[in-house]
Amino acid sequence: MSSFAGRMREYPHISLDRFDHENLHARAYFLSHCHKDHMRGMKSPKMKRRLQSSRRVKLYCSLVTKELLLSSRRHLFWEEFIVPLELESPTQISLVDETSGESEELTVTLLPAGHCPGSVMFLFEGGCGNALYTGDFRLASGDAARMEHLHSGGRVKDIRSVYVDSTFFDPRFYQIPSREACVSAILRLVGDWIARSARHVVWLNCKAAYGYEYLFTRLGEEFNTRVHVNNLLMFRRMPEILSYVTGEHRTQIHACRHPKNEANPRGDRLPCGRASPDAADLRVLSIKPSTMWFGERTRKTDVVARSGSNAFRACFSFHSSYCEIKDFLSYLRPVQVFPNVVPIGRTLSEVTRMLRTVCRKPPQENFTYRPLGVLKRSAATTTPHDWDSDNDLFDASAAAPLRKKPTPSRGVPNEPGPYAVAPPAPTEDSLQPDPRDDNDKNDRTELKYNYVDCTESNDDSEDDEGSEEDEESGTKTSTQTGSASVELPKWEDFFTVEPLPDSQNSQSQPCSAPSPAPTRLAGSQTPEAFSEPEDDADDSFVLSLSASDCSSQNRDADGEDRGAGDAPSEPPPGSRVSSDYEKGAAVQEVGQRGGRFLS
DNA sequence: GCGATCAGCT
DNA sequence: CACAGCTGATCGC
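The rules behind these values
- Residues numbered from 1 in each chain as written.
- Chains lettered and ligands numbered in written order.
- Predicted model: local features only at pLDDT ≥ 70, side-chain atom pairs only at ≥ 80, totals over all residues.
- Heavy atoms only, no water.
- Helix = DSSP H or I, 4+ residues; strand = E, 2+ residues; numbered from the N terminus.
- Buried < 20%, exposed > 50% of the residue type's maximum accessible area, 1.4 Å probe, protein only.
- Contact = heavy atoms within 4.5 Å.
- Areas by Shrake-Rupley, 256 points an atom, 1.4 Å probe, with all protein chains shown as cover.
- Salt bridge = Lys/Arg side-chain N within 4 Å of Asp/Glu carboxyl O.
- pLDDT = per-residue confidence, 0-100.
- Phe/Tyr/Trp six-rings, centres within 6.5 Å; stacked < 30°, edge-to-face > 60°.
- Near = heavy atom within 4 Å.
- Polar contact = N/O pair within 3.5 Å; in protein donor to acceptor, adjacent residues only side chain to side chain.
- Nonpolar A, V, L, I, M, F, W, Y, C, P; charged D, E, K, R; others polar.
- Pairing = 2+ DSSP bridges.
- Arc of directions from axis to C-beta.
- Axes fitted to C-alpha atoms, helices over the stretch in contact; angles between N-to-C directions.
- Core = buried A, V, L, I, M, F, W, Y, C linked by side-chain atoms within 4.5 Å.

Peer 1: Got a minute to help me understand the overall build of chain A in this structure?
Peer 2: Looking only at helices and strands, chain A features 9 helices and 19 strands. For chain A, buried positions account for 58% of its 599 residues. The contacts in chain A between residues at least 6 apart in sequence include a share of 77% that link residues at least 24 apart. About 24400 Å² of surface is accessible on chain A, with carbon and sulfur atoms providing 49% of the total.

Peer 1: How should I be thinking about the pattern of salt bridges in this particular structure?
Peer 2: Pairing of side chains with opposite charge becomes possible as their charged atoms draw close. In this structure the tally under the stated criterion is 14 salt bridges. Between Glu 180 and Arg 218 there is a salt bridge, and its shortest N-O distance comes to 2.8 Å. In this pair, Glu 180 sits in helix H3 (residues 179-194) while Arg 218 sits in helix H4 (residues 213-223), placing the two residues 38 residues apart along the sequence. Each member of the pair Glu 180 and Arg 218 is classed as buried. Put simply, Arg 27, Asp 97 and Glu 102 are held in one network by salt bridges that share partners.

Peer 1: Sorry, what's going on with the confidence of the model for chain A here?
Peer 2: Caution applies to low-pLDDT parts of the model: their predicted coordinates are not meant to be read in detail. Within chain A, residue pLDDT values average 71, and 57% of them lie at 70 or more. The low-confidence segment residues 447-489, where pLDDT is below 50, has 128 contacts with residues more than four positions distant or belonging to other chains.

Peer 1: Whenever I open this one, the packing of aromatic side chains confuses me. Can you help?
Peer 2: Ring pairs (aromatic) are described by centroid distance and by the angle formed between their planes. Under the criterion given, the structure shown has 20 aromatic pairs. Ring plane angle 55° and centroid distance 4.8 Å describe the contact between Phe 168 and Phe 173, whose orientation is recorded as tilted. Judged by its relative accessible area of 10%, Phe 168 is buried. Taking the centre distance of 6.4 Å and the plane angle of 40° together, the rings of Phe 168 and Trp 293 count as tilted. Taken together, the positions of Phe 168 in the loop between strand S11 (159-164) and H3 and Trp 293 in the loop between strand S16 (283-290) and strand S17 (304-308) put the pair 125 residues apart, joining distant regions of the chain.

Peer 1: What should I look at first to understand the protein's contact with DNA strand C in this one?
Peer 2: Inspection of the region around DNA strand C gives 22 residues, with Met 1, His 35, Lys 36, Ser 290 and Thr 291 positioned closest. Counting only the atoms of DNA strand C within 4 Å of the protein, the fraction contributed by sugar and phosphate is 57%. Interatomic distance of 3.2 Å between a side-chain N/O atom of Arg 313 and a phosphate oxygen of DNA strand C. Split into classes, the residues belonging to the surface near DNA strand C amount to 10 nonpolar, 6 polar and 6 charged.

Peer 1: Which parts of the structure should I look at to understand the pairing of strand S12 (residues 200-204)?
Peer 2: In the case of a regular strand, side chains alternate between the two sheet surfaces. Most of S12 is tucked away, with 5 of its 5 residues classed as buried. The alternating pattern of S12 places His 200, Val 202 and Leu 204 on one face and Val 201 and Trp 203 on the opposite face, and all of these are buried. As paired strands, S12 and S16 are joined by 5 bridges and run parallel to one another. Counterpart to His 200 in the pairing with S16 is Arg 283. Sheet topology places S12 next to strand S15 (residues 253-254); 2 bridges connect them, and they run parallel. Directly across from Trp 203, in S15, lies its bridge partner His 254.

Peer 1: Which parts of the structure should I look at to understand unusual backbone geometry?
Peer 2: Excluding glycine, a negative phi dihedral is what most residues carry, and trans is how most peptide bonds are arranged. Positive phi is not limited to glycine here, since His 21 has a value of about 50°. Counting through the fold element by element, His 21 comes out in the loop between strand S1 (14-16) and strand S2 (28-30). Of note in the backbone geometry, Glu 88 takes a positive phi value of approximately 55° without being a glycine. When its relative accessible area of 11% is taken as the criterion, Glu 88 is described as buried.

Peer 1: Help me understand helix H1 (residues 45-52) in this model?
Peer 2: Every α-helix carries 3.6 residues per turn, so stepping three or four residues along brings you back to the same face. Buried residues of H1: Met 47, Arg 50 and Leu 51, and no others. Buried positions in H1, seen along its axis, are confined to an arc of 95° and lie on one side of it. Of the residues in H1, the exposed ones pointing more than 90 degrees away from the buried face are Pro 45, Arg 49 and Gln 52. On the buried face of H1, the contacting elements are S2.

Peer 1: It is not clear to me how the environment of Arg 269 should be interpreted in this structure. Could you clarify?
Peer 2: Tracing the chain through its elements places Arg 269 in the loop between helix H6 (260-263) and S16. For the pair formed by Arg 269 and Trp 203, sequence separation is 66 residues and the distance between their alpha carbons is 9.1 Å.

Peer 1: What's the story with the sheet that holds strand S4 (residues 82-85) in this structure? I'm lost.
Peer 2: For sheets, the rule is that strands pair by backbone hydrogen bonds, running either parallel or antiparallel. Taken in spatial order, the 4 strands line up as S1-S2-S3-S4 in an open sheet, and their pairing is parallel. Edge strands, defined here as strands with exactly one partner in the open sheet, are S1 and S4. The average angle at which neighbouring strand axes cross in this sheet is 25°, direction not considered. As judged from the 4 bridges shared by strand S3 (residues 58-62) and S4, these two strands associate in the parallel manner. By the bridge assignment for S4, Ser 62 is matched with Leu 85. Strands S3 and S4 of the sheet are contacted by helix H2 (residues 63-70), whose axis makes an angle of about 115° with S3.

Peer 1: Is there a simple way to think about the environment of Leu 16 in this case?
Peer 2: Among the structural elements, Leu 16 can be located in strand S1. Apart from residues lying up to four places away in sequence, Leu 16 is in contact with Phe 4, Gly 6, Met 8, Phe 30, Phe 122, Phe 124 and Tyr 133.

Peer 1: Just checking my understanding: could you explain the nonpolar core for this structure?
Peer 2: For soluble globular proteins, nonpolar side chains are generally found buried alongside one another. Core analysis: the largest hydrophobic core is formed by 66 residues, its most contacted members being Leu 31, Leu 59, Leu 69, Trp 78, Leu 204, Phe 216 and Phe 235. Considering every element that reaches this core, the biggest residue donor is H3, with 9 residues. In contact with Phe 235, not counting residues within four places along its chain, are Leu 68, Tyr 210, Glu 213, Ile 241, Leu 242 and Val 245. Among the nonpolar cores identified, the runner-up in size contains 27 residues, and Phe 137, Val 164, Tyr 322 and Cys 359 belong to it.

Peer 1: Hey, could you run me through the sheet that holds strand S19 (residues 336-339) in this one?
Peer 2: The 6 strands lie next to each other as S5-S6-S7-S8-S11-S19, forming an open sheet whose pairing is mixed. Unpaired on one side and paired on the other, strand S5 (91-96) and S19 mark the two borders of the sheet. With direction set aside, neighbouring strand axes in the sheet form an average angle of 25°. Strand direction decides the pairing type here: S5 and strand S6 (residues 103-112), joined by 6 bridges, are antiparallel.

So, in structure tokens, the structure goes:
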């Protein structure tokens, strides 16, 4: 969870991902993605009042983020203040103090962050140097080198500060299987199950958040079906997602949730109730996406773990691993790095200390930063900031003692090595047989998968080496224009916003001073099903499609650990997934790049 | 009654 | 395995 307080040292007049306290006075706002912990204060009455008494303040975000934000009625009052920006299009903005008229020029570039639909990093370039705020991100090792806008004249830009998503910046989370490896494993699990019969259904027990859409679309694509979700409204302008999800519960793949299920958690029921004419006939496989990590010397890299007779955890991470973060930062070599998150079990000073190892040089007593080269004349005067006394910009003070830490060797693997197949797991999950399963041996997931006990995955213990080299892994399909870029998780390409019928290709967004926030059209093509919710008691919108008994959402039911615990069987031939990530990263070329919905 | 915060629980 | 969030209790205004 982000604990970034909202402001960067270099540009204290803007606020990012925070909208409370001091941030109420920002000259401009930036939202990296639509997760609640990055939206604090956004719908407070104070913020609403602040916006209404201002004519200049803007909120900058990606087009997809704008769309997701405005799908919540509670945030509609932001609409006229939003300036959606294209990815990778440097945009100059003026930060004007409304009382004094004082102005500061700043160039911002949105970079894909691979965290969830619409998620971006913000690169700021201005009179106080370059600063990168990563928001939350999941990038593979090597991705930074492919990002055009982190380079200039063939070299990495001189970045003064990086405000980094340090969720997993801890050697405990040394590596996390690649996104593609994880998705592939889930595809296999799902495919094996739903092929058995039409009564076999899969429940993806996802946490309520954006971020699983890529999984849904891959599943829908692979199995030519749609995934049942509770809420379609937010995707109403994102056809690439919309075409793979449904509000109809008659499908074999579900990612729905229902409050009632909490009181009645059963492994043979779906949150939405029935998915077949005869609910009793359902055979439900529960798959819970969850983060799995592996220590530096851990060989085990299985991406699925059995957690019950018909329940699995499957690796899925929205955040970069320790290795990936380290690769990212050591490539950029900023002067300083500030953590946006303190990993669980760590302290701020520990993380700060570890982050120093990837900085350009350790901050010394009276170290003063001098840009390597002045790329831009510092136009307007920015208030000189007291560099040493503004720790209060952050939630907690970052003063940490200097300590030498062994710098992990270079050449960290950017992908886990080939996924070794673990030996059949012991039958420690000696669950009692579930009577419901008795007559249907076929329903047990005859372990086509080995599972790993995730508790073993940590940094210490573990034996022999396992992870070295490996570098650059597979992803080599070239997509991008521009010099440095080869392939990136281009979420924005994938999750485009549906263009209006007549505005197909106007790719240019306001590239100068912020223009008045455009009006969003309530497109005539909006399906009937997406009627606006009638009350705003909730941020979430419920789609009542026909007689669906899904009346709400966002509750967790747990289908795990029920039923008989068969001893896991042998791994299937070819259960390795190592080759899967050679297929390329989370990229789909979907036309409509830059499709716009403004008029 | 509302908002902020925290504990508890996924 | 811990992603991000909801619910409910409590407190202050």
